[in-house]
Amino acid sequence: MKQDYYEILGVSKNATSGEIKKAYRKKAVQNHPDKNPGNKESEERFKQAAEAYEILSTPDKKARYDQYGHAAFENGGAGGGFGGMNMDDIFSQFGDIFGGHFSGGGFGGGGRQVRVKGSNLRIRVKLELKDILNGVTKKVKVKRLVKADGVTYKTCSSCNGQGSVIRISNTILGRMQTSATCPTCQGSGKLVDHRPKGANAHGLIQKEETVEIEIPPGVTDGVQLKVTGKGNEAPGNGISGDIHVVIQEIPHEYLKREGNNLHHDLYISFSEAALGSDKEIDTLTGKVRIKIEEGTQSGKILRLRGKGLESLERYGKGDLLIHLNVWTPKRLSKEQKEFFEKAKNDDNFIPNPSHSEKSFFEKVKDMFS
Ligand SMILES: [Zn+2]
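Residues numbered from 1 in each chain as written. Predicted model: local features only at pLDDT ≥ 70, side-chain atom pairs only at ≥ 80, totals over all residues. Heavy atoms only, no water.

Section: the coordination of the zinc ion
Consideration 1: Listed as protein donors to the zinc ion are Cys-156 (SG), Cys-159 (SG), Cys-182 (SG) and Cys-185 (SG); their distances from the metal cover 2.3 Å.
Consideration 2: Coordination at the zinc ion is tetrahedral, judged from the four donor atoms that bind it and the angles of 102 to 114 degrees they form at the metal.
Consideration 3: All donors of the zinc ion belong to a single chain; written as a sequence motif, their spacing is C-x2-C-x22-C-x2-C. Taken together, the residues Cys-156 in the loop between β3 (152-155) and β4 (164-171) and Cys-185 in the loop between β5 (174-181) and β6 (190-194) connect sequence positions 29 residues apart.
Consideration 4: For Cys-156, a relative accessible area of 1% corresponds to the buried category.
Consideration 5: Taking the relative accessible area as the measure of exposure, Cys-185 reaches 6% and is therefore buried. (Donors = N, O, S within 2.8 Å, 3.2 Å for Na, K, Ca; no water. Tetrahedral: all angles 85-135°; square planar, octahedral: opposite > 155°, others 65-115°. Helix = DSSP H or I, 4+ residues; strand = E, 2+ residues; numbered from the N terminus. Buried < 20%, exposed > 50% of the residue type's maximum accessible area, 1.4 Å probe, protein only.)

Description of the sheet that holds strand β9 (residues 243-249)
Consideration 1: Strand order across the open sheet formed by three strands is β1-β9-β8, with mixed pairing between neighbours. Sheet topology places β1 (121-127) and β8 (224-227) at the edges, where each strand pairs with a single neighbour. Strand-to-strand, the axes of this sheet are offset by a mean angle of 30 degrees, without reference to chain direction.
Consideration 2: Here four bridges tie β8 to β9, and the two strands are oriented antiparallel to one another. Bridge pairing links Val-227 to Ile-243 in β9. (Pairing = 2+ DSSP bridges. Axes fitted to C-alpha atoms, helices over the stretch in contact; angles between N-to-C directions.)

Structural notes on unusual backbone geometry
Consideration 1: One non-glycine residue, Asn-160, adopts positive backbone phi at about 55 degrees.
Consideration 2: Tracing the chain through its elements places Asn-160 in the loop between β3 and β4.
Consideration 3: By relative accessible area, which is 63% here, Asn-160 ends up exposed.
Consideration 4: Positioned with a positive phi, Gln-186 is a non-glycine residue whose angle comes to about 55 degrees.
Consideration 5: For Gln-186, the location among the structural elements is in the loop between β5 and β6.
Consideration 6: Residue Gln-186 is classed as exposed on the basis of its relative accessible area of 51%.

Quick notes on the pattern of salt bridges
Consideration 1: A full pass over the atoms with the stated rule returns 21 salt bridges.
Consideration 2: Notably, a salt bridge pairs Asp-242 with Lys-117, separated by 3.0 Å at the nearest N-O pair. Residue Asp-242 is found in the loop between β8 and β9, and its partner Lys-117 is found in the loop between α5 (87-98) and β1; the two are separated by 125 residues along the sequence.
Consideration 3: Taking relative accessible area as the criterion, Asp-242 reaches 4% and is therefore assigned buried.
Consideration 4: You can call Lys-117 partly exposed: its relative accessible area is 43%.
Consideration 5: One salt bridge in this structure joins Lys-344 and Glu-341, with 3.5 Å as the shortest N-O distance. (Salt bridge = Lys/Arg side-chain N within 4 Å of Asp/Glu carboxyl O.)

Some thoughts on the nonpolar core
Consideration 1: With 37 residues, the main nonpolar core has Ile-215, Val-245 and Ile-322 as its most contacted residues.
Consideration 2: Val-29, Tyr-53, Leu-56 and Tyr-65 belong to the second largest nonpolar core, which has 23 residues in total. (Core = buried A, V, L, I, M, F, W, Y, C linked by side-chain atoms within 4.5 Å.)

Structure, rendered in structure tokens:
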């Protein structure tokens, strides 16, 4: 059975907010873990008091507690859950009660050493479709901060190389410890001892370097790759940042990309469509011969399986889709005009699509199936 919040603080139900605050201070001081090291009971009372104060000092929570009791904060209760408080919550509450800011540093948190990381660089790499097809190693010049030649570091005297400092302040609760990042070395624990000419305050200098970037096959425009440890170096014994590589795809002269598939708009002559022909076309992997059947209709799509791009997730290759467009001559000689005039009423020249000739919409449907 959970103890009544008013009982925990030792106040009556009619207590004013001033009385509640005063009662909580008293309980917090009595049961503070720094004053009762290793005493689990007082730590428990300390937490209970904090929880009671949290509820009774917040008007709407107090109103719900007065009406429903603990049920108001149980799961599914009238007021939603109240998850209890951890030490960080309790100490942040102390700011309101005692003034100033407290952290959990007093509970054995101690100094925390931060391994400072250098900042990241961001670069853009432009790729042709054929590089995307096969993957490529790109050599890129980057300007990165590196430790200057001859720079030496010494241990920061403000934090003795710990990277953090403990502040001790005397409060109503007694001695309180707070831990903060060392302002002298910004957490690295090191300071520049010898600073060569041209180096910045951290002993770093900008240098142009060539970095090799491995790009896997199948990347798409806007994809980001990370090259670990090739960003700016950090002072002292810190670790280098990364390079974020943003891929930019250079549009191909005549191939359009759609996922892993490639589309090629191919124009064939009226004669090639009527008579049929063998045609050589360029693909990303070299020349390929395609057969155009006798009597080919404009809009026919030839699918070359596996001639598209590899997927980045390696689940296979896309296709190359060749869209055949019959080129209608724009100007005709006298003889050609006579020929077409004669042909106009010839049965063979009158459109007569059979059911086996798929419509444009059916073809589109096929492409995605
Ligand atoms: Zn320091």
